[in-house]
Amino acid sequence: MSDSFAPLEWARAIDIAGLQMAEASGVHDCSITALCWPAVYGYCIANGCSDHEAFIATATSIDLLLTKNRERSGTYFSGGHQRQLLFNLTEEHLERCRSNGWDSIAPQVEHPCEQIDIIEPLLEGMLTSTTPEEAFDRLWGASLVLTAMLQTEEECYSEGLEPHWNIFEARVLNASFTRTPKKDYSFLLGIWGVPDIAQASTMLTRVQRRFARQIRSVIKETVDDELQVDPELNELRRALHGVGMVEAICEPLRWACRVEHDPATLSTDMIAFDISDKKNVESFFLDSPSIEDLINAKNCYKTLRLMGEHGVVERRRGAYLYLVAIACAMVNHGQRISSQSNDALRRGFGAMRDERRLPRSLRIIAVKALKLLDP
């Protein structure tokens, strides 16, 4: 897949086409629903509509939703449960379109072929082996994630975090969505003036948390109150169960589920993913990592231990995983990747062995390393 199909290009295409959809409906409103037009479009395609028919139904259904919501609350989008509301209206509206004839409700602007062409890989990925309702929910979730992605990029740029965002995009987003190799750090560090991989890893985790919270913020605007954010997140994760494009979209939803409840583990897992593509820390250390990966892990977790921005828990987790990397190198490779004395390592491994918040499998590595330090 070429760079033109990077996820940010999809996000921008959805945004632009959402404006066109709103213009076609005659309301000139760019609401979250206008940005989620692919859900309606995908539903229509899954129902057997042509591309042109799907566009007509999508553009005119936005006006219906705005009108319906205005009738309910006196304002546009007061925080109602938009996903279900839009689905019900789309279902009714498609039947109305078919009954009355497509020509009688044609929108005011031309079919935005260019924007739909850009997100075609996303549509194809989401529509594979689905019912119309499943297609709707998948594309609704995808649009929310992509909307949050675009907003996170804008936020990073406005706050002087351009290097953070660009490294995150090159190492995480594009690799996940386009199935292309991550850009090499030797190239990225030079461009953005970052001293080393360890510093870059903390930059990645910072953007990851922002992105996850932005997803929660976008979803909050589509439900009745904040207590419904987690149930809605879980519902969308269930809808996005699958592989390929579906899995790429679902992963940020998992981050959004965890960011409020376990941000420290979210950060440490991101470092493991960046180093090796493993989804979590435990799988990274148990899958016989190379000595080079262990050295990178040691340096990254040491930096997290010193610079973790999410408080004591995150820094403590970084400290233990720094020790896990050292222990793993000793146990698996017979190499010492630390200049600490035996006494210092013995104290550290002992504390790691007794840390019940670490997985048992990682504590076992500490036990094995302790035996290697015995006189």
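The shown structure was predicted, so the numbers you read here are calculated from the model rather than taken from an experiment. (Residues numbered from 1 in each chain as written. Predicted model: local features only at pLDDT ≥ 70, side-chain atom pairs only at ≥ 80, totals over all residues. Heavy atoms only, no water.)

Q: In this structure, what is going on with the overall build of the protein chain? I would like to understand it.
A: Tallying secondary structure elements over the protein chain gives 19 helices and 0 strands in all. Buried positions account for 54% of the 375 residues belonging to the protein chain. Sequence separation of 24 or more characterises 68% of the internal contacts of the protein chain that already satisfy a separation of 6 or more. (Helix = DSSP H or I, 4+ residues; strand = E, 2+ residues; numbered from the N terminus. Buried < 20%, exposed > 50% of the residue type's maximum accessible area, 1.4 Å probe, protein only. Contact = heavy atoms within 4.5 Å.)

Q: For this particular structure, what's the right way to read the packing of helix α3 (residues 37–46) against helix α5 (residues 82–100)?
A: Each pair of packed helices gets described by two things: the angle between the helix axes and the distance between those axes. Their axes nearest at 11 Å, the elements α3 and α5 cross at an angle of 40°. The angle between α3 and α5 falls in the class oblique. In terms of crossing hand, the pair formed by α3 and α5 is right-handed. Only Leu86, Phe87, Thr90, Glu91 and Leu94 of α5 make contact with α3, whose side of the interface consists of Val40, Tyr43 and Cys44. Partitioning the contact of α3 with α5 into residue classes produces 6 nonpolar, 1 polar and 1 charged. (Axes fitted to C-alpha atoms, helices over the stretch in contact; angles between N-to-C directions. Parallel < 35°, antiparallel > 145°, perpendicular 65-115°, else oblique. Left-handed = near helix turned anticlockwise from the far one by under 90°. Nonpolar A, V, L, I, M, F, W, Y, C, P; charged D, E, K, R; others polar.)

Q: How should I be thinking about helix α18 (residues 342–353) in this particular structure?
A: Residues that lie three or four places apart on an α-helix share one face, since the helix turns once every 3.6 residues. In a regular helix each residue adds 1.5 Å, so 12 residues correspond to 16 Å; α18 covers 16 Å between its end C-alpha atoms and thus fits that length. Turning to α18, its buried residues number three or more, namely Ala344, Leu345, Gly348, Phe349, Gly350 and Met352. Tucked inside the fold, the buried residues of α18 contact α17 (312–333) and α19 (360–373). (Expected span 1.5 Å × (residues − 1).)

Q: Just to check I follow, could you spell out the side chain of Thr202 for this structure?
A: Here Thr202 lies in helix α11 (residues 197–220). Note on Thr202: relative accessible area 13%, which makes it buried. The residues contacting Thr202, other than those within four sequence positions of it, are Thr303 and Leu304.

Q: Even after reading the chapter, I still don't get the pattern of salt bridges, so can you show me in this structure?
A: A side chain of one charge can pair with a side chain of the opposite charge when the charged atoms of the two come close. Here the structure, examined in full by the defined rule, presents 20 salt bridges. Glu9 is the salt-bridge partner of Arg12, the closest N and O atoms lying 3.3 Å from each other. One end of the pair is Arg12 and the other is Glu9, both in helix α1 (residues 7–25) and 3 residues apart, which spans about a single turn. By relative accessible area, which is 30% here, Arg12 ends up partly exposed. (Salt bridge = Lys/Arg side-chain N within 4 Å of Asp/Glu carboxyl O.)

Q: Please clarify how the nonpolar core should be interpreted in this entry.
A: Across soluble globular proteins, nonpolar side chains have a tendency to be buried as a group. Counting residues in each nonpolar core, the largest one holds 78 residues, and the members touching the most others are Leu122, Met126, Phe168, Phe211, Ile215 and Ile249. If you tally residues by element for this core, the top one is helix α8 (residues 132–158), at 11 residues. By size, the runner-up hydrophobic cluster in this structure holds 35 residues, among which are Leu294, Ile326, Ile337 and Leu358. (Core = buried A, V, L, I, M, F, W, Y, C linked by side-chain atoms within 4.5 Å.)

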